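Understanding the architecture of this molecule
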Amino acid sequence: MQEALEQLKSSAVCLIEKASGIDEIENLRVKYLGKKGELTTVLKELGKMPADVRPVMGQLANTIKNQLTELMDGKKSEIETKKLEDEIINQSLDITLPGKAPSPGRIHPITQILGEIRDIFTGLGFEVVDGPEVETEYNNFEALNIPADHPSREMWDSFYFRKGLLLRSHTSPVQVRVMKDRKPPIKIIVPGKTYRRDTVDATHHWMFHQVEGLLVDEKVTFADLKGVLLKFARQMFGETRKISFKPSYFPFTEPSAEMSIDCFVCNGEGCRVCKQSGWIEILGSGMVHPNVLRSAGYDPEKYTGFAFGMGPDRIAMLKYGINDIRLFSDNDLRFLEQF
Ligand code: PHE
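Everything numeric in this text was worked out from a predicted model, so none of it was measured.

Quick notes on the domain arrangement of the protein
- By domain assignment, the protein separates into domain 1 (2-90) and domain 2 (109-336).
- For domain 1 versus domain 2, the separation of C-alpha centres amounts to 67 Å.

Laid out in structure tokens, this is it:
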């Protein structure tokens, strides 16, 4: 057998040396090393050999296999280099042509804004939490103090699956999930996609983004809410920003407030972006409603908290001067390449 192997090797080596094309090399690879190749055929005989020579022969066969592979690879790249050299010499390949520049791609404007928001809040000690986009009706509504017959449900009308499941119409249900899972102190933000049965126009879409915030602990007050959100507004929109709160209504917060910042385009003078008012509404917020704390199993006499929710799509539109929310999901490179 040893002889058969040696012979096989020398004939293979000879043919490899002579080969002048890549196809030829590949054919030799099949002829010798392929499934039905000559080396494989010899190896099948191995089983019939006496046990004491088997390992020696096996090893020899393996060495030959490796040597042949190496030779073939070497010859192949030799042929390729030669081919390239010939092309250059014959000038059939113009090496002075500029190459194809790889396009590096960009981060979507919404993702950029989400990143900025995330960095600010993680800097303030908040943790980023995820929640499912398919949510229970209970978490999306009831647990947030919105009973089935409550008229405010219309504000958050959603797409429904089979009974009891829907596409979440805000990120607030994640408040409930996290509170049920953990004990205070809780200090989280929840970025994610949300869905509503809104008719699509320049400022509405059936899918948009929200970032929810929730802080629950003992002795949390409205002053904490203001402090955190002022810090956020200044880091996000400029260190001189002023904030203003006006009373609002959300079933899951009491009291509730809409927060505005003085316009970062005109510094409050009045311009197109702030619709001449000098102020831009940025988010909804409030102190977590006792009923919400109760439905998560917390004692509202012991724990209090604040929550807020903002729309990164709107923030991106304001910040970059984008006038149509549909551009974010149109996947049009002429738009996306601007960021
Ligand atoms: N979930 C509210 C919305 O979608 C926003 C919000 C969150 C308001 C938390 C107050 C507190 O409109």
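As for the packing of aromatic side chains
- Tallied over the full model, the rule gives 13 aromatic pairs.
- Judged by centre distance (5.2 Å) and plane angle (25 degrees), the rings of F121 and F308 are stacked. Taken together, the positions of F121 in helix α5 (residues 109-123) and F308 in strand β9 (residues 303-310) put the pair 187 residues apart, joining distant regions of the chain.
- F308 sits in the buried class, given a relative accessible area of 2%.
- Relative to F339, the ring of F335 lies with its centre 5.1 Å away and its plane at 65 degrees, an arrangement referred to as edge-to-face. Of the two residues, F335 and F339, both sit in the buried class.
- Here a set of aromatic residues connected by ring pairs shows up, and it is made of F121, F126, F232, F237, F264, F306 and F308.

Focus on the site of the ligand
- In the vicinity of the ligand, 15 residues are found, and the nearest of them are W156, H170, S172, R196 and Q210.
- Between H170 and the ligand, the recorded distance is 3.0 Å, taken from a side-chain N or O atom to a nitrogen atom.
- With respect to the ligand, the side chain of S172 contributes an N or O atom lying 2.8 Å from a nitrogen atom.
- When isolated, the ligand has an accessible area of 320 Å², and the protein chains bury 93% of it.
- Breaking the shell around the ligand down by element, the ones donating at least two residues are β5 (207-218), β8 (279-288) and β9.

Here's the deal with unusual backbone geometry
- The omega torsion across P184 and P185 is 0 degrees, close enough to zero to call that bond cis.
- The residue P185 is located in the loop between α7 (173-181) and β4 (186-195) in this model.
- One non-glycine residue, N267, adopts positive backbone phi at about 55 degrees.
- Along the chain, the position of N267 falls in the loop between β7 (253-262) and β8.

Things to note about the pairing of β5
- Within β5, ten of the twelve residues are buried, leaving the element largely enclosed by the surrounding structure.
- The pairing of β4 with β5 spans ten bridges and is antiparallel. Considered in β5, the bridge of V190 is made with E212.
- Where β5 and β9 come together, eight bridges link them in antiparallel fashion. By the bridge assignment, V216 is partnered in β9 with G305.

Description of the side chain of S285
- Mapping S285 onto the fold places it in strand β8.
- Judged by its relative accessible area of 2%, S285 is buried.
- Those residues in contact with S285 that sit more than four places away from it in its chain are L225, L229, F245, F250, T253, P255, S256, A257, A307 and F308.

Brief notes about the state of the cysteines
- If you walk through the whole model with that rule in mind, you get zero disulfides.
- Here C266 stays unpaired: no disulfide links it, and the sulfur of C263, its closest cysteine neighbor, is 3.6 Å away.

What about the sheet that holds strand β1 (residues 127-128)?
- Spatially, the seven strands line up as an open sheet ordered β1-β4-β5-β9-β8-β7-β6, and their pairing is mixed. Among the strands making up the open sheet, the edge pair consists of β1 and β6 (243-250).
- Sheet strands in contact with helix α8 (residues 222-237) are β6, β7, β8 and β9, and its direction is about 150 degrees off that of β8.

Notes on the environment of L43
- Its place among the elements puts L43 in helix α3 (residues 38-44).
- Between the C-alpha atom of L43 and that of K187, which follows or precedes it by 144 residues, the distance is 67 Å.

Details of the pattern of salt bridges
- Counted under the stated rule, the structure contains 18 salt bridges.
- As a salt-bridge pair, K76 and E26 come within 3.3 Å of each other at their nearest N and O atoms. Here the residue K76 occupies a position in helix α4 (residues 54-90), and E26 occupies one in helix α2 (residues 22-33), the gap between them amounting to 50 residues.
- Classification of E26 by relative accessible area gives partly exposed; the value is 26%.
- Of the charged contacts, one joins D324 and R326 as a salt bridge, the two residues approaching to 3.0 Å between their closest N and O atoms.
- For D324, a relative accessible area of 18% corresponds to the buried category.
- Exposure remark for R326: the relative accessible area of 32% places this residue in the partly exposed category.
- Sharing partners across several salt bridges, the network here consists of E26, R29, D73 and K76.

Observations regarding α8
- The end-to-end C-alpha distance of α8 is 22 Å, a good match for the 22 Å that 16 residues give at a rise of 1.5 Å each.
- Considered for burial, the residues of α8 that qualify are L225, V228, L229, F232, A233, M236 and F237. Down the axis of α8, the buried set is contained in an arc of 135 degrees. They therefore lie on one face.
- On the buried face of α8, the contacting elements are α5, β6, β7, β8, β9 and α10 (312-320).

How each quantity is defined
- Residues numbered from 1 in each chain as written.
- Predicted model: local features only at pLDDT ≥ 70, side-chain atom pairs only at ≥ 80, totals over all residues.
- Heavy atoms only, no water.
- Domains from an automatic or database assignment.
- Phe/Tyr/Trp six-rings, centres within 6.5 Å; stacked < 30°, edge-to-face > 60°.
- Helix = DSSP H or I, 4+ residues; strand = E, 2+ residues; numbered from the N terminus.
- Buried < 20%, exposed > 50% of the residue type's maximum accessible area, 1.4 Å probe, protein only.
- Near = heavy atom within 4 Å.
- Polar contact = N/O pair within 3.5 Å; in protein donor to acceptor, adjacent residues only side chain to side chain.
- Areas by Shrake-Rupley, 256 points an atom, 1.4 Å probe, with all protein chains shown as cover.
- Pairing = 2+ DSSP bridges.
- Contact = heavy atoms within 4.5 Å.
- Disulfide = S-S within 2.5 Å.
- Axes fitted to C-alpha atoms, helices over the stretch in contact; angles between N-to-C directions.
- Salt bridge = Lys/Arg side-chain N within 4 Å of Asp/Glu carboxyl O.
- Expected span 1.5 Å × (residues − 1).
- Arc of directions from axis to C-beta.

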